[in-house]
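Survey of secondary and tertiary structure
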Amino acid sequence: MGGQQRVYRQRIRSTQSLKKIFRAMELIAASRIGKARLRVASATPYALTITRAISAVATHSIVDHPLTSERTDTNRAAILVVSADRGMAGAYSANVIRESERLRERLIADGKEIVQFASGRRAVAYFKFRHRPLEREWTGGSDSPEHDRAREIARTLLDACLASVEDGGVAELHVVFTFFHSMVNQETRVIRLLPLEIVEGVAEPGTGPEPLYDFEPSAEEVLDDLLPRYIEARIHSVLLQCSASELAARQRAMNTAVTNAEDIVRKYTRLANSARQAEITQEISEIVSGADALETAS
């Protein structure tokens, strides 16, 4: 009985130590989520505006730009997976990786050759464990991304889209990430970043008066200047969305872990009390039996 009590008490102490860690991580995520949400809110208008500007140029001009038209000289498709650097965030990274696997299967079924990019240690570790080559990887700062990281990723992806077939150029660029709706709702999304396929903020033919555009110095030069900014803005917005989603998922997961730890402590406390009570009962029984034996002997 005494041995059981020691085991239960040890488990209670270890669970309480873990509970303190979970609580600390929950408080850290809660303290950072507010700033992350503000960064998402401040970056979204610019990303939407430049997307509408690019859509307007692509829609109201007859420019055959390599980033707005389908490439037929290669079947290579690039996939960027954005995950977390650290765990303890529930199924956040697992959901992104699972969605990227579904996208990979669809593209392979369409005859595409996959070129893999990864951001975040979780995604990098996943692909390396399965011996899948990564064209480029980025790790560190997933919960607080800097604009320099977004610029670096955007330039790498843009170079891949503009490269020749001999240099490994790609025909499509897909991004798998987590979109932040609210503290309790984060959605895993897949977007095709290039070539452009979604027109945002441009009136459809027949639905009303269409705007008139005059591009100076030319539509080609406007696209050459705007497209790199567009890729950079979209990548930066994606990283910020993922940052807020990761922190929200970690806060929720750590809150659940704290609750589970409290349940485990209560369970082992009851078991320890029961073991102690059984030990006391056994000692009393032994004392009474000894007294009875002595009285009978006398």
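With that settled, the discussion passes to the packing of aromatic side chains. One pass over the structure, following the stated rule, counts three aromatic pairs. Over the face of the ring belonging to Tyr 268 we find Lys 267, whose NZ or CZ atom lies 5.7 Å from the ring centre.

Of all residues in the protein chain, 91% have pLDDT values of 70 or greater, and the mean over the chain is 86. Scored below 50 in pLDDT, residues 198–209 makes 15 contacts in the model with residues more than four places away or belonging to other chains.

Right, let's get into the sheet that holds strand 5 (residues 185–194). The strand order across the open sheet built from five strands is 3-2-1-4-5, with neighbouring strands paired in mixed fashion. Edge positions in the open sheet fall to strand 3 (136–138) and strand 5, since each of these has one partner strand only. Ignoring which end each strand starts from, the neighbouring axes of this sheet average 25° apart. Relative to strand 5, strand 4 (residues 172–182) runs antiparallel, the two being bridged by nine bridges. Note that in strand 5 the partner of Thr 178 across the bridge is Thr 188. Of the strands in this sheet, strand 1 (76–82), strand 2 (113–119), strand 4 and strand 5 are in contact with helix 2 (residues 92–109), which crosses strand 4 at around 150°.

For any two helices packed against each other, the geometry is given by the interaxial angle and the distance between the axes. Contact pair helix 2 / helix 3 (residues 121–129): the axes reach a minimum separation of 10 Å and the direction vectors enclose 50°. The orientation of helix 2 with respect to helix 3, classified from their angle, is oblique. Taken as a pair, helix 2 and helix 3 cross one another with a handedness that is right-handed. Contacts between helix 2 and helix 3 involve Ser 93, Ile 97, Ser 100 and Glu 101 from the first element and Arg 122, Ala 123, Tyr 126 and Phe 127 from the second.

Procedures and definitions
- Residues numbered from 1 in each chain as written.
- Predicted model: local features only at pLDDT ≥ 70, side-chain atom pairs only at ≥ 80, totals over all residues.
- Heavy atoms only, no water.
- Phe/Tyr/Trp six-rings, centres within 6.5 Å; stacked < 30°, edge-to-face > 60°.
- Lys NZ or Arg CZ within 6 Å of the ring centre and 35° of its normal.
- pLDDT = per-residue confidence, 0-100.
- Contact = heavy atoms within 4.5 Å.
- Pairing = 2+ DSSP bridges.
- Helix = DSSP H or I, 4+ residues; strand = E, 2+ residues; numbered from the N terminus.
- Axes fitted to C-alpha atoms, helices over the stretch in contact; angles between N-to-C directions.
- Parallel < 35°, antiparallel > 145°, perpendicular 65-115°, else oblique.
- Left-handed = near helix turned anticlockwise from the far one by under 90°.

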